[in-house]
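Structural characterization, general
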Amino acid sequence: MKKSKVILIVISVVCILIGAAMMGGAYYALASDASEKIADARFQKKTHTVTEPFTKLNIRTISSSIEILPSSDGTCRIVCDDNEKLYHDFSVTESPQGTQLNINQRDDWQWYEMLYGLYRVDELKVQVYLPAAEYDLLHADSANGDITIAPDFRCRTVNTYTAGGNTKITDLQTGHLTAHTVSGDLILRDTDAAEDVYLESISGFMQIENLKATNVTTHSSSGGMALENVSSDYLRATSVSGEIRVMGGDFRNTSYFETGSGNVEITDSGCGEQSITAISGDVSLQNVTGTSLNARNTSGEIIIGDALYSENVLCHTVSGEIQFTGLDSEMLEFLSTSGDVSGNLLSPKNFIVDTNSGYASFPPSDESAGTCHISTVSGNISIAIEP
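Nothing here was measured: the structure is a model prediction, and the numbers come from that model.

1. A look at the overall build of the chain
If you tally the helices and strands in the chain, you get 2 helices and 28 strands. Per-residue burial for the chain yields a buried fraction of 44% across its 387 residues. Of all intrachain contacts in the chain linking residues separated by at least 6 positions in sequence, the fraction that spans at least 24 positions is 27%. Carbon and sulfur atoms form 52% of the exposed surface of the chain, whose accessible area is close to 18,100 Å².

Written out as structure tokens, the structure reads:
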């Protein structure tokens, strides 16, 4: 190797070492300065008493969890975890719409302070203890914290949103409820809503138990949902790839279920008009009573057991099978392209059956009975009457 190249390599190595040493010195200096601030960065629990009356609450946090709790002594208190850089402030403001308590989490950290462990946000909370009353509005918004509403809270309108945290609401009496989560779970129990409930989670799981409302709408992208003992005039539950499970409940007017690749499973429920749409997920109904059923599927199965509909049943699939036991309705229609149709009905029917290449087996028709239309292209048909 030429001498000039050796010299250039040595100079380059020296420059790199000098640069590394300078960076290390700067880092040490900043770290030393940061270490002096660690004592100030520790969080302390602070309590504030609110003496002004209010009917609305607006709570917004970055990392703190939000808890709505009953006050044991009739006073409003705010208990929060604060330090000099990450803290909560509050105010009471008046407007023609009412008096509002505002709680906001403030973040004064500099970006470089986060490098040294000063930005500690584990298990921070803001707890709001409220006297027993009926409030007009609660808006709770947290970027990364959980949201919890304890039992016996009364509020005409409740709106909650959290991106990374979970939401848990128990024994709420409200007029309107809207709850959103992104990746966190959503749990709603023992709630009465005079009007509308809208629940949405992107990837979290939704657990809904003992809910009474006029209109209920739930939506999920990849997370599943379980609805147990939900009572409403109108229900709409949709999911892209998550499962929809319904156990018990009464949907008096209309219930609508839609999923892409997730399954729909409904058991022990009553309904008016019921509509179910799936692409590749299975549809399963067990011990259901209602006015009408419209179930459509592409490649998944439709399975029905012990179901009674007073007016009509329509089941359409492309390649999935249709299977049923203990099913009856005034009018039934089963359409499939390549999937089989098989099962037993509870009463005689006037059968209209056609298939191109599949075989068909069904009881003799009773022209005085309701119509049962079954059609396939290549799927087989096998029907029996078993009262």
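2. With respect to the environment of N263
When you line up the elements, N263 lands in the loop between strand 19 (250-259) and strand 20 (264-278). When the C-alpha positions of N263 and R245 are compared, they lie 8.0 Å apart, and in sequence the two are 18 residues distant. Aside from chain neighbours lying at most four places away, what touches N263 is G242, E243, I244, G281 and D282. Side-chain polar atoms of N263 contact the side chain of E243, separated by 3.5 Å. From its side chain, N263 meets the backbone nitrogen of D282 in a polar contact 2.8 Å long.

3. Concerning unusual backbone geometry
The residue D152 is not glycine, and still its phi comes out positive at about 70 degrees. Looking at where D152 falls in the secondary structure, it is placed in the loop between strand 9 (147-149) and strand 10 (153-162). Residue class for D152 comes out exposed when judged on its relative accessible area of 53%. Residues other than glycine seldom take positive phi values, yet N287 does so here, at roughly 55 degrees.

4. Some details on the pairing of strand 16 (residues 215-220)
Burial along strand 16 is one-sided: the face carrying V216, T218 and S220 is buried and the face carrying N215, T217 and H219 is not. Judged from the 6 bridges that link them, strand 14 (residues 196-201) and strand 16 form a sheet pairing that is parallel. When the bridges of strand 16 are listed, V197 appears paired with V216. The pairing of strand 16 with strand 17 (residues 225-239) spans 6 bridges and is parallel. Bridge pairing in strand 17 places T217 opposite R236.

5. Details of the side chain of T317
For T317, the position within the fold is in strand 22 (residues 302-317). Residue T317 is classed as buried on the basis of its relative accessible area of 6%. Looking at T317, its side chain comes within polar contact range of the side chain of S336, at 3.2 Å. Once you skip the residues sitting within four places of it in the chain, T317 turns out to touch N297, T298, G300, I302, I322, L335, S336 and T337.

6. What to know about the confidence of the model for the chain
The pLDDT averaged across the chain works out to 89; a share of 86% of its residues lies at or above 70. Across residues 28-40 the pLDDT falls below 50, and counting only partners more than four positions away or on other chains, this stretch makes 10 contacts in the model.

7. Description of the environment of Y87
Secondary-structure assignment places Y87 in strand 5 (residues 86-95). Along the backbone, Y87 and V126 are 39 residues apart, and their C-alpha atoms lie at a distance of 9.9 Å. For Y87, the contacting residues outside a window of four places in its chain are D82, N104, Q105, R106 and D108.

8. What to know about the nonpolar core
One finds L138, F153, L327 and F334 to be the most contacted residues of the largest nonpolar core, which totals 73 residues. Looking at this core, the element that brings in the most residues is strand 22, giving 6 residues. What F334 contacts, discounting residues up to four positions off in sequence, is C315, I322, F324, L327, V341, C372, H373, I374 and S375.

9. Focus: the pattern of salt bridges
Tallied over the full model, the rule gives 12 salt bridges. Between D152 and R154 there is a salt bridge, and its shortest N-O distance comes to 3.6 Å. Looking at R154, the relative accessible area reads 21%, which means it is partly exposed. Ionic pairing is found between D328 and K349, a salt bridge with its closest N-O pair at 2.7 Å. Highlighted residues: D328 in strand 23 (residues 322-336) and K349 in the loop between strand 24 (341-345) and strand 25 (350-355), separated in sequence by 21 residues. Pair check on accessibility: D328 and K349 agree, each one buried. Look at the salt bridges and you will find they share partners, linking E134, D136 and R156 into a network.

10. What about a nonpolar patch on the surface?
A surface patch of nonpolar side chains, amounting to about 200 Å² of accessible area, comprises Y161, V182 and I202. Residue I202 is classed as partly exposed on the basis of its relative accessible area, which comes to 34%.

11. Section: the side chain of N350
Structurally, N350 is set in strand 25. Residue N350 is classed as buried on the basis of its relative accessible area, which comes to 19%. Look past the residues within four positions of N350 in its chain and what remains in contact with it is S365, D366, E367, A369, G370, T371 and C372.

12. Remarks on the environment of K45
By secondary structure assignment, the location of K45 is in strand 1 (residues 44-50). Along the primary structure K45 and K125 are separated by 80 residues, whereas in three dimensions their C-alpha atoms are 9.0 Å apart. Beyond its immediate sequence surroundings of up to four residues, K45 is in contact with V79, C80 and D81. Side chain to side chain, K45 and D81 meet in a polar contact 3.0 Å long.

Conventions adopted
- In this numbering scheme, every chain counts its residues from 1 along its sequence in written order.
- Per-residue local features are limited, in this predicted model, to residues with pLDDT of at least 70; the limit for side-chain atom pairs, both in listing and counting, is 80 or more; totals at the level of whole chains, interfaces and linings are taken over all residues.
- Hydrogen atoms and water are omitted, and side-chain values are computed over all heavy atoms in the structure.
- Each helix corresponds to a stretch of at least 4 residues labelled H or I by DSSP, and each strand to a stretch of at least 2 residues labelled E; elements are numbered beginning at the N terminus.
- To sort residues, take the accessible area from a 1.4 Å probe on protein chains only and compare it with the maximum for the residue type: under 20% means buried, over 50% means exposed, and anything in between is partly exposed.
- Contacts are assigned to residue pairs with any non-hydrogen atoms lying within 4.5 Å of each other.
- In these tables, accessible area is a Shrake-Rupley quantity obtained with a 1.4 Å probe, and a residue counts as shielded only by the protein chains included in the view.
- Polar contacts here mean pairs of N or O atoms no more than 3.5 Å apart (in protein, one a potential hydrogen donor and the other a potential acceptor; neighbouring residues in sequence count only if both atoms are side-chain atoms).
- Here, a strand pair is defined by DSSP locating no fewer than two bridges between the strands.
- Residue-level confidence of the predictor is summarised by pLDDT, bounded by 0 at the bottom and 100 at the top.
- What makes a nonpolar core is a set of buried Ala, Val, Leu, Ile, Met, Phe, Trp, Tyr and Cys residues whose side-chain atoms join them at distances within 4.5 Å.
- One speaks of a salt bridge when a side-chain nitrogen belonging to Lys or Arg is within 4 Å of a carboxyl oxygen belonging to Asp or Glu.
- For patch building, the residue pool is restricted to those with more than 30% relative accessible area and no salt bridge; the joining distance is 9 Å between like charges and 5 Å between nonpolar side chains (Val, Leu, Ile, Met, Phe, Trp, Tyr).

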